[in-house]
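Remarks on the overall topology
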Amino acid sequence: PYYWFDGVNDSVVVTNNVDVDFGTGDFSVLVHAKVDDGGNYDCFVGRASNWGTSETGWVLGIYSNKLAFNVTDGSTTYQTNFANSSTIINDGSINTLAVTVKKNTVTDADIYGYVNGVQEGDRRDLTFGDDGDTDNSRNIEIGKNTSNYLGGSLYKVQIFNTALTATEIKEFSSGASVPFKYKGANQTELIAATNDRTFAGASNWADSGSASYDETT
């Protein structure tokens, strides 16, 4: 399944939610996208008023046919165009595109961009001019940022409250099994009695005929 965006007026809006408030912490954004046509500043997903403004927020999109990212804490605009990338992403193919924001301190961060699991560029020691907080009260916009609309298809949009590692990005890009810690599972033992886990508690088990199970046979 996927959403197709016509590049004219299609978009998806996700109501503002505290689950995407990262404050001064790390975060990552990952999309599976097929770009049919892409102008400068076309948006995959974002929580910002516009590209190139100093209003708090972030947006992942396209610039010069390549991956681009914009983030600010409301002081100065920090736009990271991964121009040293050799990968053109408006090629009509499905690409996995990701950005990670790794905070060294609350006001200092490293930003890494990835295309199909391969790091395509970075911006190190980006210094935020205010408090380093990227939160705002805006909705999440998918396929649109102000008047910049995406022409193409989005198969998946994922936002994480952590800076994914290069290995994790590669796993998401390759179609490998999603890392266990992101599946919402936990390691709580559901069979409390140790003996019952190993069939040592024979009286508590029955065979298919409902007879008592004898662990010695």
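Coordinates for the structure precede this section.
Residues numbered from 1 in each chain as written. Predicted model: local features only at pLDDT ≥ 70, side-chain atom pairs only at ≥ 80, totals over all residues. Heavy atoms only, no water.

1. Notes on the side chain of Ser-153
The condition is simple: Secondary structure elements follow DSSP: runs of H or I of four or more residues count as helices, runs of E of two or more count as strands, with numbering from the N terminus. The rule is simple: take the accessible area with a 1.4 Å probe, protein chains only, and divide by the maximum for that residue type; under 20% is buried, over 50% is exposed, in between is partly exposed. Contacts are assigned to residue pairs with any non-hydrogen atoms lying within 4.5 Å of each other.
Along the chain, Ser-153 falls in strand β14 (residues 151–160). We classify Ser-153 as buried; its relative accessible area is 2%. With residues near it in sequence (within four places) discarded, Ser-153 still touches Tyr-2, Tyr-3, Trp-4, His-32, Ala-33 and Lys-34.

2. Overview of the sheet that holds strand β9 (residues 108–115)
The test is simple: Pairs of strands are assigned from DSSP output, requiring at least two bridges between the strands. In this analysis an axis means a line fitted to C-alpha atoms, helices contributing only their contacting stretch, and an angle means the value between N-to-C directions, from 0 to 180 degrees.
Strand order in the open sheet made by the 6 strands is β1-β14-β3-β8-β9-β10, with antiparallel pairing throughout. Strands at the two margins of the open sheet, each flanked by one partner only, are β1 (3–6) and β10 (118–127). Direction aside, neighbouring strands of the sheet carry axes that sit 25 degrees apart on average.

3. As for the pairing of β10
The sheet contact formed by β9 and β10 spans 7 bridges and is antiparallel. Looking at the pairing, Ile-111 lines up with Arg-123 of β10. Linking β9 to β10, which pair antiparallel, is a turn of 2 residues; within it Asn-116 sits at a positive phi near 55 degrees.

4. Comments concerning the pattern of salt bridges
For clarity, the threshold we go by: A side-chain nitrogen of Lys or Arg and a carboxyl oxygen of Asp or Glu constitute a salt bridge if their distance falls within 4 Å.
Evaluation of the coordinates by the stated rule reveals 4 salt bridges. Between Arg-47 and Asp-21 there is a salt bridge; the shortest N-O distance is 2.8 Å. Residue Arg-47 is found in strand β4 (residues 43–47), and its partner Asp-21 is found in the loop between β2 (12–14) and β3 (27–37); the two are separated by 26 residues along the sequence. In this structure, Lys-34 and Asp-36 form a salt bridge, with 2.9 Å as the shortest nitrogen-oxygen distance.

5. Overview of the packing of aromatic side chains
Between two aromatic rings, the relevant description is the distance of the centres plus the angle of the planes. What counts, and what does not: We call Phe, Tyr and Trp rings a pair once their centres come within 6.5 Å, taking the six-membered ring for Trp, and we label the pair stacked below 30 degrees between planes, edge-to-face above 60, and tilted otherwise.
For the coordinates displayed, the defined rule picks out 6 aromatic pairs. Judged by centre distance (5.9 Å) and plane angle (40 degrees), the rings of Phe-27 and Trp-58 are tilted. With Phe-27 in strand β3 and Trp-58 in strand β5 (residues 57–63), this residue pair connects regions lying 31 residues apart in the sequence. Taking the relative accessible area as the measure of exposure, Phe-27 reaches 1% and is therefore buried. Aromatic side chains Phe-160 and Phe-172 sit 5.4 Å apart centroid to centroid with 55 degrees between the ring planes, which places their arrangement in the tilted category. Placement of Phe-160 in strand β14 and of Phe-172 in helix α1 (residues 166–174) is noted, with a sequence separation of 12 residues between them.

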